[in-house]
Amino acid sequence: MFSLNGTTFTNNSLSGVSRCLTQSSRRVSAPMVVVAAVSSNGKPGDGSVSVLVENALTESAAPVEMEVKSTVTGGVQDVYGEDSATEDQSITPWTLSVASGFSLLRNPHYNKGLAFSERERDTHYLRGLLPPVVISHDLQVKKMMNSIRKYDVPLQRYMAMMDLQEMNERLFYKLLIDNVEELLPIVYTPTVGQACQKYGSIFRRPQGLFISLKEKGKIHEVLKNWPEKKIQVIVVTDGERILGLGDLGCQGMGIPVGKLSLYTALGGIRPSACLPVTIDVGTNNENLLNDEFYIGLRQRRATGQEYAELLDEFMYAIKQNYGEKVLIQFEDFANHNAFDLLAKYGTSHLVFNDDIQGTASVVLAGLMAALNLVGGSLSEHTFLFLGAGEAGTGIAELIALEMSKQTGIPLEETRKKIWMLDSKGLIVKSRMEMLQHFKRPWAHDHEPVQELVNAVKSIKPTILIGSSGAGRTFTKEVVQAMATFNEKPIIFALSNPTSQSECTAEDAYSWSEGRAIFASGSPFAPVEYNGKVYASGQANNAYIFPGFGLGLIISGAIRVHDDMLLVASEALAEQVSQENFEKGLIYPPFSNIRKISAHIAAKVAAKAYELGLATRLPQPKDLVAYAESCMYSPAYRSYR
């Protein structure tokens, strides 16, 4: 049996090694600042200023006391209150340790721009460094949205958002949260794909760690170069399969950066606990190798033992630096590595592959919701996939697991309801010897079929799912064939970015005469057909992974289990209202995404406790309320 996470932990209880983290309060003293002038050779004298912060007070420094509560959002204590960001509390910012307010305005974690109050401008040496006006956080958001909307090119909007993130972190996240439906396609798909393609040209400031073959044998030390030491979530890519764009090498960094922005905005994970990583082992993209602006290693991709040793060292160093409970999310690895890495490290690390598991969970949620419109149970439907890579087979496996869970039918039998077609045609038993291992469970008894439209006519699926990365492959003939034997054909065109989508929303609705239930990976505008407006759903992984990660963190989970993915799907499907269904939607609106994420987090955490994989004890009584209370808030803090 193929398991999405490579193993099963149902009978593996780890509660014996759990530790109880209870709420308590204590008094701490603010950091003392020791400012010493040093010369360029490191000796006392004139030159650059070195600022040393110590947890002690001299007689001349009056103590500043504040209440600090220990929290359970990953076991990371933060005297500045980021862990329990929704609680009102006194905060002593790092600005007590600087000699000039100019540095404060250059630090994105604490900069508030024109929102600094009159008192703060006096206290923190900001007089003259800012214009005299003081404006609110909300007015800043309005001003920034007005500026961003003036850009006609999406990539320009992306660059403006990245500049804001590097200048004023809390304003960036408030802007994203308050305008999530408008800005999500900018900071994530489809625009992030364009950003990765041009990353070498637009690269300005480091936003994550680049670990290349040059760092082999030194990764543990390289991780220490990252300024934040309490990391809870890492998103890592090797850039070999970025969206549907192929091998972008080192320039794939845009994906981990974008994913982690959503972990914070949509899932409430504090920014300082997030670490984007790109593993650079070279690229096979000739255009990049010949591009003078390419920022990665100029060599062919390392494979085999050299590749495996680098990944082994990286995974070991992560656990050594950040502990057992850090979540490592694999992102956009090629098929031949994605499945192997998930299986290899699933038993020893808290790992999650968004392309395999996140995509599967969000698609399953959409299918569960769609059943409210077409009727029947999952096991009564027949599925046909175009694309048998990590996304397609991951989705298929989770669907089969859910059918087995609902009916009690063995997994091997529920898989027979699912058919897959790859670049060589329908996956059938006569091809078994030539198939990659992750495709073999989907080889059924059937004569060979080469073309998708012929497979549709032969198998007569009720649900057609595209995960091929090949644009416009759901042709008019294919969609019309689906509509001939389905009153309401379910069509999911999941490939990203928009240019790679198997068909557009307009195609699906017009070719099916308005009867299709359609969802896509990238967003499409509402479609008008015969006087009726159809609003299509977006099967965006952002519905799942932020809340999924939050659930793992608040429970202190040490492994990911398939059952967690199933409950995440069920939790998302539950959030689709009757009003949404009446509009033809099978996913809830993103405007409510933080509450959706909290709901998903609660279900995932509850499953972690049930399976004995949680280490944060005792279990909170109301996990939804608890998840919401743990979420990072971008609200400004008052600096004394």
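Scoring rules and cut-offs
Residues numbered from 1 in each chain as written. Predicted model: local features only at pLDDT ≥ 70, side-chain atom pairs only at ≥ 80, totals over all residues. Heavy atoms only, no water. Helix = DSSP H or I, 4+ residues; strand = E, 2+ residues; numbered from the N terminus. Buried < 20%, exposed > 50% of the residue type's maximum accessible area, 1.4 Å probe, protein only. Contact = heavy atoms within 4.5 Å. Areas by Shrake-Rupley, 256 points an atom, 1.4 Å probe, with all protein chains shown as cover. Phe/Tyr/Trp six-rings, centres within 6.5 Å; stacked < 30°, edge-to-face > 60°. Lys NZ or Arg CZ within 6 Å of the ring centre and 35° of its normal. UniProt positions renumbered as here; feature names shortened; annotations may be inferred. Polar contact = N/O pair within 3.5 Å; in protein donor to acceptor, adjacent residues only side chain to side chain. Arc of directions from axis to C-beta. Core = buried A, V, L, I, M, F, W, Y, C linked by side-chain atoms within 4.5 Å.

1. Here we look at the overall build of the protein chain
And step 1. Along the protein chain, the regular secondary structure elements total 24 helices and 20 strands.
And step 2. The buried share of the protein chain, reckoned over its 640 residues, is 59%.
And step 3. The long-range fraction of contacts in the protein chain, counting pairs at least 24 apart against all pairs at least 6 apart in sequence, stands at 72%.
And step 4. Carbon and sulfur atoms make up 50% of the accessible area of the protein chain, which amounts to about 26000 Å² in all.

2. Topic: the packing of aromatic side chains
Aromatic ring pairs: the centre-centre distance and the angle between the two ring planes describe each pair.
And step 1. One pass over the structure, following the stated rule, counts 15 aromatic pairs.
And step 2. Plain terms: the ring middles of Y173 and Y632 are 6.0 Å apart, the flat faces sit at 80 degrees to each other, and that makes the pair edge-to-face. With Y173 in helix α5 (residues 169-178) and Y632 in the segment after α24 (623-630), this residue pair connects regions lying 459 residues apart in the sequence. For the residue pair Y173 and Y632, the accessibility class agrees, reading buried in each case.
And step 3. On the basis of an interplanar angle of 15 degrees and a centroid distance of 4.4 Å, the ring pair of F339 and F438 is categorised as stacked. Of the two residues, F339 sits in helix α13 (residues 335-345) while F438 sits in the loop between β13 (425-426) and α17 (452-459), which places them 99 residues apart along the sequence.
And step 4. The exposure class of F438 is buried, given its relative accessible area of 4%.
And step 5. Members of the aromatic cluster, connected to one another through ring pairs, are Y509, F518, F524 and Y534.
And step 6. Cation over ring: K112 sits above Y639, and NZ or CZ is 5.0 Å from the ring centre.
And step 7. Cation over ring: K460 sits above F485, and NZ or CZ is 5.9 Å from the ring centre.

3. Quick notes on the UniProt feature "active site" (unreviewed entry) in the protein chain
And step 1. When the UniProt feature table is mapped to this numbering, "active site" (unreviewed entry) covers Y188 and K259. A compact arrangement is adopted by the annotated residues: their sequence extent is 72 residues, whereas the largest C-alpha distance between any two is 7.3 Å.
And step 2. Considering the arrangement of structural elements, one finds Y188 in the loop between α6 (180-187) and α7 (191-197).
And step 3. Residue Y188 is classed as buried on the basis of its relative accessible area, which comes to 5%.
And step 4. If we skip the residues at most four places from it in the chain, Y188 touches K259, L262, D354 and N540.
And step 5. By the element assignment, K259 lies in helix α10 (residues 254-267).
And step 6. Here K259 falls in the buried class, since its relative accessible area comes to 1%.
And step 7. Apart from residues no more than four positions distant in its own chain, K259 is found in contact with Y188, V235, Q329, E331, D354, N541 and F545.
And step 8. Among the polar contacts made by the side chain of K259, one reaches the side chain of Y188 at a distance of 2.3 Å.

4. Notes on α24
And step 1. The set of residues buried in α24 consists of L623, Y626, A627 and C630. Relative to the axis of α24, the buried residues are bounded by an arc of 100 degrees and lie together on one face.
And step 2. With a side-chain oxygen lying 3.3 Å from the backbone nitrogen of V624, the N-terminal cap of α24 falls on D622.

5. Here's the deal with the side chain of D422
And step 1. Checked against the element boundaries, D422 lands in strand β12 (residues 418-422).
And step 2. Since its relative accessible area comes to 10%, D422 is described here as buried.
And step 3. For D422, the side chain forms a polar contact with the side chain of K439, separated by 3.1 Å.
And step 4. Residues within four places of D422 in sequence aside, it is in contact with A388, I427, R431 and K439.

6. Observations concerning the nonpolar core
Side chains that are nonpolar tend, in soluble globular proteins, to be buried together.
And step 1. Counting 126 residues, the largest nonpolar core has L367, I399, F492 and F548 as the members making the most contacts within it.
And step 2. Setting aside residues up to four positions removed in sequence, L367 forms contacts with L378, F383, I399, I463, I465, I490 and F492.
And step 3. Judged by nonpolar contacts, the second largest core, of 36 residues, contains L223, I231, I234 and F339.

7. Structural notes on unusual backbone geometry
And step 1. With an omega dihedral of 5 degrees, the bond running from T189 to P190 counts as a cis peptide bond.
And step 2. Residue placement: P190 occurs in the loop between α6 and α7.
And step 3. Backbone geometry at E513 places phi at a positive 60 degrees, although glycine is not the residue there.
And step 4. You can see E513 is positioned in the loop between α19 (505-511) and β16 (517-520).
And step 5. The class for E513 is exposed, based on a relative accessible area of 55%.

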